[in-house]
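If you want the building blocks of each chain, they are given just below.
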Amino acid sequence: MAFSQETIEFIKKECQRYETRRSAILPCLYRAQKEDPNNQVTPEAVAEMATLMELPEVQINEVLHFYTMYNKKPVGKLHVQVCTNISCSMNGGREMAEHLCKEFNVNYEEVSSDGRYTISRVECLGSCDTAPMMQVNDKYHENLTKEEAVKLLKDM
Amino acid sequence: MEIKLLSEHYDKPEFQGLDGYKKLGGYEPLKKAFQMQPKAIIEMVKESGLRGRGGAGFPTGVKWGFLPDNGEPRYLLCNADEGEPGTFKDRLMMERAPHQLIEGMIISAFAVGSHKGYIYIRGEYNEPTAILQKAIAEAYDAGLLGKNILGSGFDFDLDVYQGAGAYICGEETGMISSLEGKKGQPKLKPPFPAVQGYLGKPTIVNNVETLAAVKYIIRDGADGYRKHGTEKSAGTKLFSVSGNVMKPGTYEVPLGYKLMDLINIECGGLKPGRKLKAVIPGGSSAPVLTAAECADATMDYENLAQKGTMLGSGAVIIIDDTNCMVDMLKVILHFYHHESCGQCTPCREGTGWLHKIVSSIYSGTGRLQDIDLIQQVADHMAGKTICALSDAAAMPAVSFVQKFRSEFEFYVREGRSKVKGAVDAQV
């Protein structure tokens, strides 16, 4: 799948935005991921980025594989990231993550059969005073119970 | 009692926008700063005793003084890659008071002679990023950023750059690598960023709270700022308190404040019927304190160092008697293993081994000698790597085992937690 015209424009603009073109890799990878139907960055997208940015693919792959927020395999429509770091674990974050997997019948990091959910356990999201919490796509949802989390996700 | 400088107007929604911010005194300190000589500002920040609020606690004015006078362009980077487990104070500031950070950055840039700055913010912080971008656009429209700011003749451009999920990018040289569009791997120091940083140019990296505090130093003067805090730990500090307290949240108190007052007064104490077991005073990499050690602990750099721990980022995690220390250490070590960037062997391997050993105890297959093995592995990690992540894993591991050894021994002997009900079917 080729990038949309808007994404091509975005990439070209980002390449001018920083002191070096290479700095544009992180923002452009986000953009490529957003445009992908499976919310991931494919090897084809990397190749297209490399051509547009006039950078070697290896420089893009290095970034893609170092950072956790770029998905290297398909992710559901709702990427549910439950914090299971220390303060959240003390307040039921791990149980909440388990509960969501059971409720939506999906293993961690996989896509539910209806394509809607991927549940991940993630490290501290900087929302420790509102534990337990989860990030769904771009947004934080805080001070949850596992039942509330299920309801929230079903209503999305 | 709280003393609010940075957080004074957090509860006012209008403080987020430029108009509201200005009505509450915003950008007046900037005008004052423009009347001063840049060198005088650096001196004032030195005299104020301000120390880095991101974790390392290095004196800010001294750091600024390391910039070489070689005519090269200089960069000012704000470290908003808030990732130390337990820390959330910078997110709150960027959401509630974005202009406070921008103003602090303009003043700091003027002082150090930088014309380009970036706020490097963690990838997960989408909402704060949007708020900052809006505030930066407002500042450009009002002539507070860009060319000839407020007619001062000083130019400063500011942009926001989002990371993509790597704790290591909170380490300043890792952050610089990331901003250059590379893996966020730290670099060997020296050269320090002040000499060779972003793109090899002189670069100052300061935390969100540090840069915002500069505004208040200009407003109140070095002496005014020093009125708060202790002789060696000057000013106020934002503490992110979480864990088992009634009212977790961000609290601004003068440095030197009693830890137990922070817990009992600001945070409303523990839940009924619970007993304090331990406190991690400065983010998950800080060695843990026992309840007995907490009794006379004060929240300043010196007192916590005397107790063998550190103030760090000011992330205070309160642990009551319903928690299993083996379980908690396992969670902490999982984090450091996951976040090790992999370039130094002692860290890459050591964090993995520590996590494996504690996981083995946790799953009931641990041996008594494993408890000492934790100490041995940690000895091979601390101080032996390019950055401090290795130490950040070793320090809590050693402190948990030393101070709560009986819990680890019980777990090995019985194959279960000493704390009833703490570890049921955990993953």
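Remember, predicted model here, so these are calculated numbers, not experimental data. (Residues numbered from 1 in each chain as written. Chains lettered and ligands numbered in written order. Predicted model: local features only at pLDDT ≥ 70, side-chain atom pairs only at ≥ 80, totals over all residues. Heavy atoms only, no water.)

### Points about the environment of threonine 68 of chain A
Short version of the rule: The numbering of helices and of strands both runs from the N terminus, where a helix is a DSSP run of H or I of at least 4 residues and a strand a run of E of at least 2. Contact criterion: two residues are considered in contact whenever any of their non-hydrogen atoms come within 4.5 Å of each other.
Tracing the backbone through its elements, the reader meets threonine 68 of chain A in the loop between helix H4 (57–66) and strand S1 (78–83). Distance in space between the C-alpha atoms of threonine 68 of chain A and aspartate 129 of chain A is 24 Å, their sequence separation being 61 residues. When residues no more than four places from it in sequence are discounted, the contact partners of threonine 68 of chain A are Ala164, Gly165 and His338 of chain B.

### What to know about helix H7 (residues 126–141) of chain B
All names here are of chain B. We count it as follows: The length a helix should cover is 1.5 Å for every residue beyond the first. Buried, partly exposed and exposed residues are distinguished by accessible area as a fraction of the type maximum, computed with a 1.4 Å probe on protein chains only: under 20%, between the cut-offs, and over 50%, respectively. Throughout, the arc means that of the directions going from the helix axis to the C-beta atoms.
Look at H7: 23 Å from first C-alpha to last across 16 residues, which is about the 22 Å you get at 1.5 Å a residue. What H7 keeps buried is the set Pro128, Thr129, Ile131, Leu132, Ala135, Ile136 and Ala139. All buried residues of H7 lie within an arc of 165° about the axis, which places them on one face of the element. Residues of H7 that are exposed and angled more than 90 degrees away from the buried face: Lys134 and Asp141. On its buried side, H7 packs onto helix H5 (89–96), helix H6 (98–112), strand S2 (116–121) and strand S3 (157–162). Backbone geometry just downstream of H7 places glycine 143 in the positive-phi region, at approximately 75°.

### Some words on the sheet that holds strand S1 (residues 75–80) of chain B
Backbone-to-backbone hydrogen bonds pair the strands of a sheet. The strands run either parallel or antiparallel. Residues and elements named next belong to chain B. Basically, it comes down to this: Whether two strands pair comes down to DSSP finding at least two bridges between them. Helix axes use the C-alpha atoms of the stretch in contact, all axes being lines fitted to C-alpha atoms, and the angles between their N-to-C directions lie in the range 0 to 180 degrees.
Strand order in the open sheet formed by four strands is S3-S2-S1-S4, with parallel pairing between adjacent strands. Edge positions in the sheet fall to S3 and strand S4 (203–207), since each has one partner strand and no second. Within this sheet the neighbouring strands show an average axis-to-axis angle of 20°, counted without direction. Pairing between S1 and S4: five bridges, direction parallel.

### Focus on the domain arrangement of chain B
Residue and element names in this part refer to chain B. Threshold: Note that domain bounds follow an automatic or database assignment of domains. A simple way to read buried area is as the amount of 1.4 Å-probe accessible surface that goes missing from two parts once joined, with both sides added.
Looking at the assigned domains, one finds that chain B contains domain 1 (13–226), domain 2 (236–320) and domain 3 (325–414). Of note, the centres of domain 1 and domain 3, computed from C-alpha atoms alone, are 35 Å apart. Between domain 1 and domain 3, the residue contacts involve 11 residues of the former and eight residues of the latter. Buried area between domain 1 and domain 3, summed over both chains or domains, comes out near 850 Å², and the portion from carbon and sulfur atoms is 67%. Considering only the surface of domain 1 that becomes buried against domain 3, Tyr167, Ile168 and Gln185 emerge as the three largest contributors, covering 53% of it.

### Re the packing of aromatic side chains
Our working rule: Stacked, tilted and edge-to-face are the three classes applied to pairs of Phe, Tyr and Trp rings, where Trp contributes its six-membered ring and a pair requires centres within 6.5 Å; stacked means planes under 30 degrees apart, edge-to-face means over 60, and tilted covers the rest.
Across all of its chains, the model carries 20 aromatic pairs over all chains by this definition. Each ring, one from tyrosine 30 of chain A and one from tyrosine 70 of chain A, has its centre 5.0 Å from the other, and the planes form 55°; the classification is tilted. Remark: tyrosine 70 of chain A occurs in the loop between H4 and S1 and tyrosine 30 of chain A occurs in helix H2 (residues 25–35); sequence separation between them is 40 residues. You can call tyrosine 70 of chain A buried: its relative accessible area is 1%. Ring centres 5.0 Å apart and planes at 90° place the aromatic pair phenylalanine 34 of chain B and phenylalanine 110 of chain B in the edge-to-face group. Placement of the pair is phenylalanine 34 of chain B in helix H2 (residues 28–34) and phenylalanine 110 of chain B in helix H6, with a sequence separation of 76 residues. One exposure class covers both phenylalanine 34 of chain B and phenylalanine 110 of chain B, and it is buried. An aromatic cluster of three or more residues is present, and its members are Tyr18 of chain A together with Tyr75, Tyr118, Tyr120, Tyr161 and Tyr198 of chain B.

### Here's the deal with the domain arrangement of chain A
Split by domain assignment, chain A resolves into domain 1 (5–66) and domain 2 (78–155). When each unit is reduced to the centre of its C-alpha atoms, the spacing between domain 1 of chain A and domain 2 of chain A is 28 Å.

### Brief notes about the sheet that holds strand S3 (residues 134–136) of chain A
All names here are of chain A. Taken in spatial order, the four strands of this open sheet run S2-S1-S3-S4, and their pairing is mixed. Lying at the two open borders of the sheet, with one neighbouring strand each, are strand S2 (117–122) and strand S4 (139–141). Direction aside, neighbouring strands of the sheet carry axes that sit 25° apart on average. Looking at chain direction, S1 and S3 are connected through three bridges and run antiparallel. Opposite valine 80, over in S3, you have valine 136 as the bridge partner. Contacts from helix H6 (residues 93–103) reach S1, S2 and S3 within the one sheet, and its direction differs from that of S1 by about 150°.

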